[in-house]
Amino acid sequence: MLQIKGLTASVEGKPILRGIDLTVPTGEVHAIMGPNGSGKSTLSYVLAGRDGYEVTGGTVTFDGRDLLAMAPEERAAAGLFLAFQYPVELPGVGNANFLRTALNALHRARGEAELDAVQFLKLARAEAKRLSMPDDMLKRNVNVGFSGGEKKRNEVLQMAILRPRLAILDETDSGLDIDALRIVAEGVNALRGPQNSALVITHYQRLLEHIVPDRVHVLAGGRIVRSGGPDLARALEEGGYAAVVADAA
Amino acid sequence: MSQAAEPMQTVHAVTQTPYKWGFSTDIEMELAPKGLNADIIRLISARKEEPEWLLEWRLKAFAAWQAMAEPHWAHVAHPPIDYQDLHYYAAPKRKPGPASLAEVDPALLATYEKLGIPLKERAILAGVEPAEGEGAPVAVDAVFDSVSVATTFRATLAKAGVIFCPISEAVREHPDLVRKYLGSVVPQGDNFYAALNSAVFTDGSFVYVPPGVRCPMELSTYFRINARNTGQFERTLIIADVGSYVSYLEGCTAPQRDENQLHAAVVELIALDDAQIKYSTVQNWYPGDAEGRGGIYNFVTKRGACRGARSKISWTQVETGSAITWKYPSCILQGDDSVGEFYSVAVTTNRQQADTGTKMIHIGRNTRSTIVSKGISAGRSDNTYRGLVRIMPKAAGARNHTQCDSLLIGDRCGAHTVPYIESRNPTARVEHEATTSKIAEDQLFYCRQRGLSEEDAVNLIVNGFCKDVLKELPMEFAVEAQKLLAVSLEGSVG
Amino acid sequence: MNAVTQLQPAWLRDGAAAFVARYEGLRDRLPGDAAARDAGAAAFRARGLPGVRDEAWHYTSLRPLVETRFAEPLTPVADCAALMTRLPQIDAPRLVFVDGRFRDDLSVVPSGASVRVGGPAYGALAQPGREPLVALNTMLAEDGAAIEVAAGADAGTLLLASVGIGGSPDRPVAFHPRHALNLGDSARLTLIEVAIGEGAYLHNPVFEITVGAAATLTHLRLQDESRAAFHISTLYADVAQRGSYDSFALTLGARLARLEVHARLAGRGATAHLNAVQLLGGTQHGDFTTVVTHDAPSCISRQTVKNVLTGRARGVFQGKIEVARDAQKTDGYQMNQALLLSTEAEVDSKPQLEIYADDVKCSHGATVGELDAEQLFYLRSRGIAEADARAMLVRAFLADALDPIAHEAGRVVLESAVAQWWERQAA
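These numbers were taken from a predicted model, which means no experiment stands behind them.

**So, the overall build of chain C**
Consideration 1: Across its full length, chain C carries nine helices and 21 strands.
Consideration 2: Whereas a compact globule of 427 residues would reach a radius of gyration of roughly 22 Å, chain C reaches 21 Å, a difference of no more than 12%.
Consideration 3: Counting every position in chain C, which comprises 427 residues, the buried fraction comes to 64%.
Consideration 4: Partitioning the contacts of chain C with sequence separation of at least 6, the portion at a separation of at least 24 is 84%.

Spelled out as structure tokens, the structure:
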């Protein structure tokens, strides 16, 4: 599904990604772990197409299409979803209105029928309930006045409603208590299937106890320095990043 | 009467506290005849042994002034000023610019001692008695009416390459620098009072900090108006060359007199690439009495040009004196990434009127400015913040943040806020916030319940209100400023 | 010629002289209170037209207006069927003025209020000596509506429409309607005021409104004049104790527009809301100027003003809150925000506080900026196309001003005007 080859990128002229090679086959969940400053968030922003993250080399294909040539909304329409590490506040924009607009934009792009307000609310309420989110979260402005945990849950709610082909979770576990973590993990697991993939970016292993990945990659210094099975995550937790990174160097 | 029932009931004007700097010095003076004309300007220029170009520069300013009218847009009112009824030159009778402190008239030294300004090269600044051997030295230029009477620590500064001298001396000793920069920030015809100053300025300070030099001590000028019926028209010019830094302090007082006296100064600052100028003022001119008789008209043009990339000019002012203040220290942010700051506390009591603020003109890219203004009105005074933030079309990425708060003490005063925001670049971000409030009764009560007198509680709250500005002052000045706030508001709450 | 006009540039003096000349030619034929009119004329002769040196007109130059020579509206019975379809479809009585004159055939007189037309409705609030354009109106006003709502009555909704037909491009017309509204104690009314038109003209209305004790006036205003028109309107509202003047104004049209509001909170516990949105493009100039005077204790004023500017448009906001000595416990708040959507647009903002009472809570805020790049990206990352994402964010930017409009039909009209404006920009 996702093929990254020799990807290099810089931010404000400073190289951050120094040659990433990564393939996420359809139906698999991969985890990317790494110390702070290793380029994890940069990778997620580059994949989602954020301005200011300049790709200086390499290719990324998504279902065979050139991802880097697409506008952010085209990537979303193609099925790529980024759960932001720091979800953005949108004062004046109602959560429900925002989600319905997004969902219908995706439906339009895929030639599917749009949902009217009633159909949408029914869907949104059901998903919110599954994620143990109060209904009034749909009425509030997007992320405005939300606690850190509420913001992350709101990201997962969006993901549940938009049903992406590839979900990228950028440190979605940071700042979550154990209950919230479980809810988030359930949301991701519910999306798992033969047609869906996920890229879980995290600093800690604990999320990976709830979302068991098929492969684990270690990102350091803008490169993937090691890859392995779920065991690698546990090894990291015990031995720390230093050993693994030094090993690879 | 129960105090708890009407805690603010006894609010009244400041009348008990006499102005503590109101004495005058009896000294033999040389005075030019009253009135303003080309001959008087020639006389001033001749007394100062000025070159021909400067005389012509003055005469051009005079011509511009004659064609101008007094500005009336400020929120102040005063009887018409008779510009022909003033002396435009007053000097202690001896040759200006004494060669050493030993030559300074002892009466003058005593005056400055009494004001707490040490002209002996030993102590620190105004009002704070230092313990022996404590505190950083501050170089002082003392301006008495029209002339500079003493400048301290010149040798130490010269070692670092810093020029700090009366501007009249700089005209003679450093003509190239003066000619290049004088009037380059505030042109002769800029406004009515700046034109007047350009025509008749008599003295003031000159500072030049060479490239890469961090000025080794705080520089300070102390202005004193003494003579009757004189105007003081000083001119300050500060140039911070590439990569240099200087912190400059200014203090002012005047004797207590029944008539109004005019003070129309011009201050020009120039910061080249990576240079920083920090300019602090504690203005305590005689404010007039409780009924509004006497006091200084303080009509001042202060402006800094951030000419160089990454340069920074920071204005900090604590304004407690003067009958009328008309003053807008400004920054022209020409250099890319340059920074302008304005921190102001203005206190008005009795019949004082203050109309003060700043202008931040963003020309270069990524220029940033911060404005913090705290106005405190008491008695029957009027206190106005007036500020302009202008973003020019090329100032991409410019940022301004303005915070403007007013505090009212008593119900006979006025507090006004007049910001002008003009933006012509979409990538610029400008934010302005203003509030007006009084000291909350529960705050006062809380303090008093803990044992503070009402006056101390007001002081505490006022100081808290001003904290964001006071912390910008050099430490010695901050202590003086706090005392001054306390003295100014003494009796405002009874 | 007096001292004030003496200092003005010649073009400004000439412009004023042209209006005075029209007055001289018409004075015997103009209807209504001659004394009020003559006082207006005297004020206008003394002050002339304001220039940018006049503090209240610092950001708005009348030069394009002065350079236009206006003629009389020729045919007050002109056919305007096509334009009438642009009036909002609201099921309510309506008073329609075409080129400043009342049109009985197009109007439906309300049952809950009494209306008198046929001459200028001069009131007691206007200050021709202080506001030069009000002096101009007073001097040349020909028609207007005097609306009375009796104490305790609920007059429902009333539409007040102005249709400008204008002259041919070389013969623009000027009209100066003069309206008054008197809302009795505890009365209620929703007034929807709409100005539309085509061609070149000057529409210079003055409106004097008194809101009685505990009465509520909801005033929704849509200015969608011809892009070749000048719209300069001045409104005075005096609100008695516990009365409420709740207004929202949307400015979309005209080449040069100024909406000036003087609201005076005259009785204890009165409230004024002056919310406004200006959406301007091309070379439009729009000015929203307010003066809110707290003259009595415990009054509340709220202002939320938004400017959205594209092209080379210039948006101006001047808002002054005055608090008189006796107006203790005043609660005044004002927020002014501008969004610049192009590199050549300009915004000028002057929020002002003038306060003489000490027990007050007054604040204002102002921000200027562009759309937030991070928010835009967030929306796009969710699949929303850039143009739609921008539209959403602009609509969100307007939310604080639009959402409080409680009158359902009125809000629908204003919302759709905003949406149409955005579509025109996008096209």
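**Let's talk about the pattern of salt bridges**
A side chain with one charge can pair with a side chain of the opposite charge if their charged atoms come near.
Consideration 1: Overall, the coordinates contain 58 salt bridges over all chains when judged by the stated rule.
Consideration 2: A salt bridge links Glu24(C) to Arg27(C), with the shortest nitrogen-to-oxygen separation between them at 3.7 Å.
Consideration 3: Under the relative-accessibility criterion, Glu24(C) is labelled partly exposed at 35%.
Consideration 4: Among the residues examined, Arg27(C) registers a relative accessible area of 36% and is labelled partly exposed.
Consideration 5: Between Asp403(C) and Arg395(C) there is a salt bridge, with the nearest N and O atoms lying 3.1 Å from each other.
Consideration 6: Salt bridges here are not isolated pairs; linked through shared partners, they connect Arg424(B), Arg314(C), Glu346(C) and Asp348(C).

**Focus on the packing of helix H2 (residues 52-66) of chain B against helix H7 (residues 192-200) of chain B**
Residues and elements named next belong to chain B.
Consideration 1: Viewed as axis vectors pointing N to C, H2 and H7 meet at an angle of 150 degrees, and their least axial separation amounts to 7 Å. Considering the angle they form, H2 stands roughly antiparallel to H7. When you trace H2 past H7, the crossing you get is left-handed. Contacts between H2 and H7 involve Trp57, Arg58, Ala61, Phe62 and Trp65 on the former and, on the latter, Phe192, Ala195, Leu196, Ser198, Ala199 and Val200.

**Topic: the interface of chain A and chain C**
Consideration 1: Between chain A and chain C, the contact holds 32 residues from the first and 17 residues from the second.
Consideration 2: Between chain A and chain C, roughly 1,900 Å² of surface is buried when both sides are summed, and carbon and sulfur atoms account for 67% of that area.
Consideration 3: Our count for the chain A to chain C interface comes out at nine residue pairs in polar contact (both at pLDDT 80 or more).
Consideration 4: Of all elements in the fold, only helix H1 (40-48), helix H2 (72-77), strand S6 (80-83), strand S7 (90-94), helix H3 (95-109) and helix H6 (148-162) of chain A reach the threshold of two or more residues within the side of chain A that touches chain C.
Consideration 5: Ranked by residues supplied to the side of chain A that touches chain C, first place goes to H3(A) with seven residues.
Consideration 6: The residue makeup of the side of chain A that touches chain C, split by class, is 21 nonpolar, six polar and five charged.

**A closer look at helix H8 (residues 386-402) of chain C**
Residues and elements named next belong to chain C.
Consideration 1: Taking 1.5 Å per residue as the helical rise, H8 with its 17 residues ought to reach 24 Å, and the 23 Å between its terminal C-alpha atoms agrees with that figure.
Consideration 2: The sharpest bend along H8 reaches about 25 degrees and sits at Ala396.
Consideration 3: Those residues of H8 lying buried are Ala389, Met392, Leu393, Val394, Ala396, Phe397, Leu398, Ala399, Ala401 and Leu402.

**A few points about the pairing of strand S4 (residues 146-149) of chain C**
Consideration 1: The pairing of strand S3 (residues 114-116) of chain C with S4(C) spans three bridges and is antiparallel. Counted as the bridge partner of Val115(C) is Ile147(C) from S4(C).

**Notes on the sheet that holds strand S1 (residues 2-11) of chain A**
Adjacent strands of a sheet pair through backbone hydrogen bonds, lying either parallel or antiparallel.
Residue and element names in this part refer to chain A.
Consideration 1: Strand order in this open sheet of four strands is S2-S1-S4-S5, and the pairing throughout is antiparallel. Each end of this open sheet is capped by a strand with a single partner; those strands are strand S2 (14-24) and strand S5 (65-66).
Consideration 2: Bridge count for S1 against S2 is eight bridges, and the pairing is antiparallel. Bridged to Leu2 within S2 is Val24.
Consideration 3: On the sheet, H1 packs against S1, S2 and strand S4 (53-62) and is oriented at approximately 110 degrees with respect to S1.

**What about the sheet that holds S6(A)?**
Residues and elements named next belong to chain A.
Consideration 1: One open sheet holds the six strands; their spatial order is S6-S9-S10-S3-S11-S12, and the pairing between them is mixed. Edge positions in the sheet fall to S6 and strand S12 (223-228), since each has one partner strand and no second. Between one strand and the next, the sheet's axes are offset by a mean angle of 20 degrees, whatever the strand orientation.
Consideration 2: The strands that H6 touches are S6 and strand S9 (166-170); relative to S6, the one it contacts most, it runs at about 165 degrees.

**Let's talk about the side chain of Thr316(B)**
Residue and element names in this part refer to chain B.
Consideration 1: Tracing the chain through its elements places Thr316 in strand S15 (residues 312-319).
Consideration 2: According to the relative accessible area criterion, Thr316 is buried, its value standing at 1%.
Consideration 3: Those residues in contact with Thr316, other than ones at most four positions away along the chain, are Lys278, Tyr279, Ser280, Thr281, Tyr343, Val469, Glu472 and Leu473.

**Comments concerning the packing of helix H4 (residues 117-130) of chain A against H6(A)**
All names here are of chain A.
Consideration 1: Contact pair H4 / H6: the axes reach a minimum separation of 10 Å and the direction vectors enclose 130 degrees. With respect to H6, the axis of H4 lies oblique. Seen along the crossing, H4 lies across H6 with a hand that is right-handed. Touching Phe120, Leu123, Ala124, Glu127 and Ala128 of H4 are Leu157, Ala160 and Ile161, all from H6.
Consideration 2: When grouped by side-chain class, the residues that make up the contact of H4 with H6 number seven nonpolar, no polar and one charged.

**Re the state of the cysteines**
Consideration 1: In the structure shown here, the tally under the stated rule is zero disulfides over all chains.
Consideration 2: Sulfur of Cys413(B): no disulfide; nearest cysteine sulfur belongs to Cys362(C) and is 14 Å away.

**What to know about unusual backbone geometry**
Negative phi values dominate among residues other than glycine, just as trans dominates among peptide bonds.
Residues and elements named next belong to chain B.
Consideration 1: You will see that Glu49, though not glycine, has its phi angle at about 50 degrees, which is positive.
Consideration 2: Along the polypeptide, Glu49 turns up in the loop between helix H1 (38-47) and H2.
Consideration 3: The exposure class of Glu49 is partly exposed, given its relative accessible area of 48%.
Consideration 4: Here Asp274, not a glycine, exhibits a phi torsion of approximately 60 degrees, which is positive.
Consideration 5: Secondary-structure assignment places Asp274 in the loop between strand S12 (266-271) and strand S13 (276-283).

**What about the packing of aromatic side chains?**
Residue and element names in this part refer to chain B.
Consideration 1: Across all of its chains, the model carries 29 aromatic pairs over all chains by this definition.
Consideration 2: An aromatic cluster is built from Phe62, Trp65, Trp73, Tyr83, Phe192, Tyr193, Tyr297, Phe299, Trp326 and Tyr328, whose rings are joined through pairwise contacts.
Consideration 3: Geometry around Tyr245 places Arg214 over its ring, the cationic atom sitting 4.0 Å from the centre.

**Quick look at empty space enclosed by the protein**
All names here are of chain C.
Consideration 1: In this structure the tally under the stated criterion is 10 cavities of 30 Å³ or more.
Consideration 2: Roughly 180 Å³ of volume is contained in the largest cavity.
Consideration 3: If you go around the largest cavity, you meet 20 residues; those closest to its centre are Glu193, Val194, Ala195, His203 and His231.
Consideration 4: Among the elements of the structure, strand S5 (154-164), strand S8 (188-197), strand S11 (216-224), strand S12 (230-239) and strand S13 (244-251) are those that each provide at least two residues to the lining of the largest cavity.
Consideration 5: Partitioned by chemical class, the residues of the lining of the largest cavity number 11 nonpolar, seven polar and two charged.

**Structural notes on the interface of chain B and chain C**
Consideration 1: At the interface, 32 residues of chain B touch 34 residues of chain C.
Consideration 2: There are two salt bridges connecting chain B and chain C.
Consideration 3: For the side of chain B that touches chain C, the secondary-structure elements that each account for two or more residues are strand S23 (414-423) and strand S24 (429-438) of chain B.
Consideration 4: Looking at the side of chain B that touches chain C, its residues break down into 11 nonpolar, 12 polar and nine charged.
Consideration 5: Across six bridges, S23(B) lies against strand S20 (residues 346-355) of chain C in antiparallel orientation. Note that in S20(C) the partner of His416(B) across the bridge is Glu354(C).

**Description of the layout of surface pockets**
Consideration 1: Taken as a whole, the second largest pocket encloses approximately 710 Å³ of empty space.
Consideration 2: Every residue lining the second largest pocket is counted, 26 residues in all, and those nearest its centre are Gln337(C), Glu370(C), Asp372(C), Gln375(C) and Phe397(C).
Consideration 3: The set of elements that each furnish at least two residues to the lining of the second largest pocket consists of S7 of chain A, S24 of chain B together with strand S19 (330-340), strand S21 (360-369), helix H7 (373-381) and H8 of chain C.
Consideration 4: Residue composition of the lining of the second largest pocket, by class: 12 nonpolar, seven polar and seven charged.

**A closer look at the domain arrangement of chain C**
Residue and element names in this part refer to chain C.
Consideration 1: Partitioning chain C into structural domains gives domain 1 (3-266) and domain 2 (371-427).
Consideration 2: Averaged C-alpha coordinates put domain 1 and domain 2 at centres separated by 30 Å.
Consideration 3: Counting from both sides, the interface comprises 13 residues of domain 1 and, opposite them, 13 residues of domain 2.
Consideration 4: Put simply, domain 1 and domain 2 have zero salt bridges between them.
Consideration 5: Connecting domain 1 to domain 2 are one residue pair in polar contact (both at pLDDT 80 or more).
Consideration 6: Breaking the side of domain 1 that touches domain 2 down by element, the ones donating at least two residues are S8, S11 and S13.
Consideration 7: Considering every element that reaches the side of domain 1 that touches domain 2, the biggest residue donor is S11, with four residues.
Consideration 8: Tallied by class, the residues present in the side of domain 1 that touches domain 2 amount to eight nonpolar, two polar and three charged.

Conventions and cut-offs
- Residues numbered from 1 in each chain as written.
- Chains lettered and ligands numbered in written order.
- Predicted model: local features only at pLDDT ≥ 70, side-chain atom pairs only at ≥ 80, totals over all residues.
- Heavy atoms only, no water.
- Helix = DSSP H or I, 4+ residues; strand = E, 2+ residues; numbered from the N terminus.
- Rg over C-alpha atoms; globule rule 2.2 N^0.38 Å.
- Buried < 20%, exposed > 50% of the residue type's maximum accessible area, 1.4 Å probe, protein only.
- Contact = heavy atoms within 4.5 Å.
- Salt bridge = Lys/Arg side-chain N within 4 Å of Asp/Glu carboxyl O.
- Axes fitted to C-alpha atoms, helices over the stretch in contact; angles between N-to-C directions.
- Parallel < 35°, antiparallel > 145°, perpendicular 65-115°, else oblique.
- Left-handed = near helix turned anticlockwise from the far one by under 90°.
- Buried area = accessible area lost by both parts, 1.4 Å probe.
- Polar contact = N/O pair within 3.5 Å; in protein donor to acceptor, adjacent residues only side chain to side chain.
- Nonpolar A, V, L, I, M, F, W, Y, C, P; charged D, E, K, R; others polar.
- Expected span 1.5 Å × (residues − 1).
- Bend = angle between axes of the 7 residues up to and from the residue.
- Pairing = 2+ DSSP bridges.
- Disulfide = S-S within 2.5 Å.
- Phe/Tyr/Trp six-rings, centres within 6.5 Å; stacked < 30°, edge-to-face > 60°.
- Lys NZ or Arg CZ within 6 Å of the ring centre and 35° of its normal.
- 1 Å grid on protein atoms, 1.4 Å probe; cavity = no way out; pocket = protein on both sides within 12 Å on 5 of 7 lines; lining within 4 Å.
- Points joined across faces, edges and corners; volume = space filled by probe spheres on them.
- Domains from an automatic or database assignment.

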